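Results of the structural survey
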Amino acid sequence: MRLFIERTNPKDAEKLWKIQRRAFLDDFKKYQDPMNPYNETLERLKEKIHDFIYYTIYIDELIIGGADIRKKSQTHYRLNRIYIDPTYQNKGYGFNAIKFIEESLPNASIWDLDTPHLSFSNQHLYEKLGYKKVGEHKISEKLTLIDYMKKI
């Protein structure tokens, strides 16, 4: 099986939206955060695909996930969201997708992101990729986001 990543074709929005809902369902149940990507509408996802740097993640010809990147400056980017279908999680695809994304934007010398405080596997992934904890911010009684940054 070959991992392949490319800029998202708008025609794939509905497939990505369904995968995103599956990928974030457990977090939605755990944190009950109305801003969780599980609640994002298909229309909003289509806007993000149009307005931001959005990637589709494939194994061979099968879409398994997506990534939403935000350009904050010429050298500063934000990994706003990355998600992999739960069937394909914990197999190295997220790690390799992030490496690909970082390499595809060679002028980026600063990356930032956040992840929920109880998402230990995400925290381990980001730290393995060289991200450092730089803070946290409380969203609700049930959810605190851990802020990460990577300088290249």
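Let me begin by describing the structure that accompanies this report. Owing to the predicted nature of the structure, the values given are computational and were not obtained by experimental measurement.

**Let's talk about the overall build of the protein chain**
In terms of helices and strands, the protein chain carries four helices and seven strands. Out of the 152 residues belonging to the protein chain, those deemed buried represent 47%. When the accessible surface of the protein chain is summed, it comes to about 8,500 Å², and 52% of that surface belongs to carbon and sulfur atoms. The average position of the 26 basic charges and that of the 22 acidic charges among the side chains of the protein chain differ by 2 Å.

**Section: the sheet that holds strand β2 (residues 53-59)**
On the basis of which strands lie adjacent, the open sheet formed by seven strands has the order β1-β2-β3-β4-β5-β7-β6 and mixed pairing. The sheet is open, and its two borders are formed by β1 (3-7) and β6 (132-138), each paired with just one other strand. When the angles between neighbouring strand axes are averaged without regard to direction, this sheet yields 25°. Where strand β3 (residues 62-71) meets strand β4 (residues 76-84), seven bridges bridge the pair, whose relative direction is antiparallel. In the sheet register, I69 faces β4, and the bridge partner there is L79. Seen against the sheet, helix α4 (residues 120-128) touches β4, β5 (110-116), β6 and β7 (144-151) and runs at an angle of roughly 165° to β5.

**Focus: the pairing of β6**
Burial runs low along β6: only zero of the seven residues are buried. In this structure, the hairpin formed by β6 and β7 is closed by a connection of five residues.

**Section: the nonpolar core**
Across soluble globular proteins, nonpolar side chains show a tendency to be buried alongside one another. In this structure, Y55, I69, I82, I98, W111, Y126 and Y131 are the most contacted members of the largest nonpolar core, which totals 26 residues. Those elements giving two or more residues to this core turn out to be β2, β3, β4, α3 (93-104), β5, α4 and β7. Among residues more than four places away in sequence, those in contact with Y126 are L79, I82, I98, L113, T115, Y131 and Y148. Counting residues in each nonpolar core, the second largest holds 14 residues, with F24, Y38, I49 and I63 among its members.

**Details of α3**
Under the 1.5 Å per step criterion, the end-to-end length of α3 is 16 Å for twelve residues, consistent within 8% with the ideal 16 Å. Every buried residue of α3 is listed here: Y93, G94, A97, I98, I101 and E102. Along α3, the residues classed as buried sweep out an arc of 165° about the axis, all on the same side.

Thresholds applied
Residues numbered from 1 in each chain as written. Predicted model: local features only at pLDDT ≥ 70, side-chain atom pairs only at ≥ 80, totals over all residues. Heavy atoms only, no water. Helix = DSSP H or I, 4+ residues; strand = E, 2+ residues; numbered from the N terminus. Buried < 20%, exposed > 50% of the residue type's maximum accessible area, 1.4 Å probe, protein only. Areas by Shrake-Rupley, 256 points an atom, 1.4 Å probe, with all protein chains shown as cover. Lys, Arg positive; Asp, Glu negative; His and termini not counted. Charge placed at Lys NZ, Arg CZ, Asp CG, Glu CD. Pairing = 2+ DSSP bridges. Axes fitted to C-alpha atoms, helices over the stretch in contact; angles between N-to-C directions. Contact = heavy atoms within 4.5 Å. Core = buried A, V, L, I, M, F, W, Y, C linked by side-chain atoms within 4.5 Å. Expected span 1.5 Å × (residues − 1). Arc of directions from axis to C-beta.

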